[in-house]
Amino acid sequence: MDTDRDAREYDVVVLGAGPVGENVADRTRAAGLTTAVVESELVGGECSYWACMPSKALLRPAIARADARRVPGLRAAVRGPLDAAAVLAHRDEYTAHWQDDGQVGWLDGIGADLHRGHGRLAGPRTVTVTGPDGRRTLTARHAVAVCTGSRALLPDLPGLADVRPWTSRKATSAHAVPGRLIVVGGGVVATEMATAWQALGSRVTVLVRGKSLLGRMEPFAGELVAEALTEAGAEIRTGTSVASVTRENGTVVAVTDAGDRLEADEILFATGRAPRTDDIGLETVGLEPGSWLEADDTLRVPGTDWLYAVGDVNHRALLTHQGKYQARIAGTAIAARAAGQPLLADAWGAHAATADHAAVPQVVFTDPEAAAVGLTLAGAERAGHRVRAVDVDLSAVAGAGLYADGYRGRARMVVDLDTGTLRGVTLVGPGVGELLHSATVAVAGQIPVARLWHAVPSYPTISEVWLRLLEAHRDA
């Protein structure tokens, strides 16, 4: 087991078979490059089994019920609790019961070779894979792409391991509803999981170190989500940190920095992410183990002509869809370099991940949904842009009133006064996640506000918010 079973040479070696690694492999194989993919867990990665898919499967019934309760003639039919067992079973189906046969079949279908085991760099262009059948060495003629993603970051609290806390993985894969759940954190994982488990029957307490939820979005996003969570029965404590946590006779006891004692059946820490780079051999190529990897807009690590860092590991935008976008860019850049073709690496070029800087979209699947793309007002001002924020109450839009009685929501567009284009858009309200792509097209396409007047929204839809925003900007 300690000697190489065999050695193989490929054009490209990909470390990690999550959505990012899969997309790199898809692009390099489409270009005719031989490609190996190394995976130590399940093909499909975090998103398929412990993040995007299971979390949204848990959230969809909660959001659908909330929407139905706002529709006259329907609310009486959905007064009862969710069928937690059915929701969890549906979640299990969406994770393929944590089996990756389908994803393995897809990799085989594109002609990529899968190597199961732990992959480590062993010098430039070289990867060793230690698996159940021994060790082998893979050599890359053109590129090694590190797509190993990130893991939950737990705080440094004495005895925390003995408490067996939930991280994002356990929160999306648990098979029973805890009677009481403490959620530590105020970001996307914290708010989504608080929404899901509260709806499934948990009594949820959210402890937020900062002043509000969703601190990276426009302030009103966190305010509206907090208001709805509180109305649903959750308790939210801002400006609160956990000083200690123990498990006593099965009960979690958390003591806050203010000395308050809270008891629960489980505690979820959603307090950040760390790169999964601590044991992949970075030291063999002069890089720091456990560090985020810097990458240029072609996703290549500066100072190398063969190493790429794609997805969460480069810390550019920790989102599955953004990682897949980077993967498409990286795969085509690798292929172009391998063929000796010129790179189109200027802003918005075919080999430049420009959207990472200017047009990152994200939907938080809470009730209400919070959706944003590009810069917030504060972010645009920090970047030195001369901007104006234009706000609209979504309840003033006819389509919103038809969507739900008592619709509450808000929209903001951040207009660059020098270019006449949009720097960012934020939408908060029921159903707004499906509106976000139009905003993403406007921001990424740098479409002038004057031209947006001619993009006529259908009546009566919530998309008419665009007309209200443009009118507000015109009249400001």
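Presented here is a report on the structure given in the accompanying data block. Remember, it's a predicted structure, so these values are computed and weren't measured experimentally.

Definitions and cut-offs
Residues numbered from 1 in each chain as written. Predicted model: local features only at pLDDT ≥ 70, side-chain atom pairs only at ≥ 80, totals over all residues. Heavy atoms only, no water. Buried < 20%, exposed > 50% of the residue type's maximum accessible area, 1.4 Å probe, protein only. Helix = DSSP H or I, 4+ residues; strand = E, 2+ residues; numbered from the N terminus. Arc of directions from axis to C-beta. Contact = heavy atoms within 4.5 Å. Salt bridge = Lys/Arg side-chain N within 4 Å of Asp/Glu carboxyl O. Core = buried A, V, L, I, M, F, W, Y, C linked by side-chain atoms within 4.5 Å. Axes fitted to C-alpha atoms, helices over the stretch in contact; angles between N-to-C directions. Parallel < 35°, antiparallel > 145°, perpendicular 65-115°, else oblique. Left-handed = near helix turned anticlockwise from the far one by under 90°. Phe/Tyr/Trp six-rings, centres within 6.5 Å; stacked < 30°, edge-to-face > 60°. Lys NZ or Arg CZ within 6 Å of the ring centre and 35° of its normal. Pairing = 2+ DSSP bridges. Polar contact = N/O pair within 3.5 Å; in protein donor to acceptor, adjacent residues only side chain to side chain.

Next up on the list: helix α16 (residues 465-475). Of the positions making up α16, those classed as buried are Val465, Trp466, Leu469, Leu470 and His473. Seen from one end, α16 has its buried residues packed into an arc of 135 degrees, which puts them on one side. Facing away from the buried side of α16 by over 90 degrees, the exposed positions are Arg474 and Asp475. Those residues of α16 hidden inside the fold are in contact with β19 (387-393), β20 (410-416), β21 (422-429), α14 (436-444) and α15 (449-452).

If you walk through the whole model with that rule in mind, you get 36 salt bridges. A salt bridge links Asp260 to Arg237; its shortest N-O distance comes to 3.3 Å. Note that Asp260 is positioned in the loop between β12 (251-256) and β13 (261-264) and Arg237 in strand β10 (residues 235-237), a separation of 23 residues in sequence. Judged by relative accessible area, which is 36%, Asp260 ranks as partly exposed. Each of Arg180, Glu248, Arg261, Glu263 and Asp265 takes part in salt bridges that share partners, so that together they form one network.

Here Ala7 shows up in strand β1 (residues 4-15). Spatially, the C-alpha atom of Ala7 lies 4.7 Å from that of Thr137, the residues being 130 residues apart in sequence.

So, on to the nonpolar core. Looking at soluble globular proteins, one finds that nonpolar side chains tend to be buried together. Counting residues in hydrophobic clusters, the biggest one holds 77 residues, and the most contacted among them are Val13, Val310, Leu422, Val425 and Val465. What Leu422 contacts, discounting residues up to four positions off in sequence, is Met413, Val414, Val415, Ala442, Val443, Ile447, Val449, Leu452 and Trp466.

Between helix α3 (residues 52-68) and helix α4 (residues 84-94), the shortest axis-to-axis distance is 9 Å and the interhelical angle comes to 150 degrees. Judged by the angle between their axes, α3 and α4 are roughly antiparallel. Regarding α3 and α4, the two cross each other, and that crossing is right-handed. Here α3 contributes Met53, Pro54, Ala57, Leu58 and Pro61 to the contact with α4, which in turn contributes Val87, Leu88, His90, Arg91 and Tyr94.

Counting across every chain of the model gives three aromatic pairs. If you follow Arg169 out to its NZ or CZ, it ends over the ring of Trp50, 3.6 Å from the centre.

What follows covers the sheet that holds β19. As summarised here, the arrangement of the five strands in space is β17-β18-β21-β20-β19, forming an open sheet in which the pairing is antiparallel. Looking along the sheet, the strands with just one partner apiece sit at the ends: β17 (361-364) and β19. Each neighbouring strand pair of the sheet contributes to a mean axis angle of 10 degrees, computed without reference to strand direction. The pairing of strand β18 (residues 369-374) with β21 spans six bridges and is classified as antiparallel. Bridge pairing links Ala370 to Val428 in β21.

The subject of this paragraph is the environment of Arg468. Considering the arrangement of structural elements, one finds Arg468 in helix α16. For Arg468, a relative accessible area of 24% puts it in the partly exposed group. With residues near it in sequence (within four places) discarded, Arg468 still touches Val392 and Val397. There is a polar contact of 2.9 Å between the side chain of Arg468 and the side chain of Glu471.

With that out of the way, let us pick up the sheet that holds β13. Taking strand neighbours across the sheet as the criterion, the three strands line up as β11-β12-β13 in an open arrangement whose pairing is antiparallel. Looking at which strands have only one partner, the edges of the open sheet turn out to be β11 (242-248) and β13. Neighbouring strand axes in the sheet, compared pairwise and without regard to direction, differ in orientation by 20 degrees on average. Bridging between β12 and β13 involves four bridges; their strand directions are antiparallel. Residue pairing for β13: Ala254 is matched across the bridge by Leu262.

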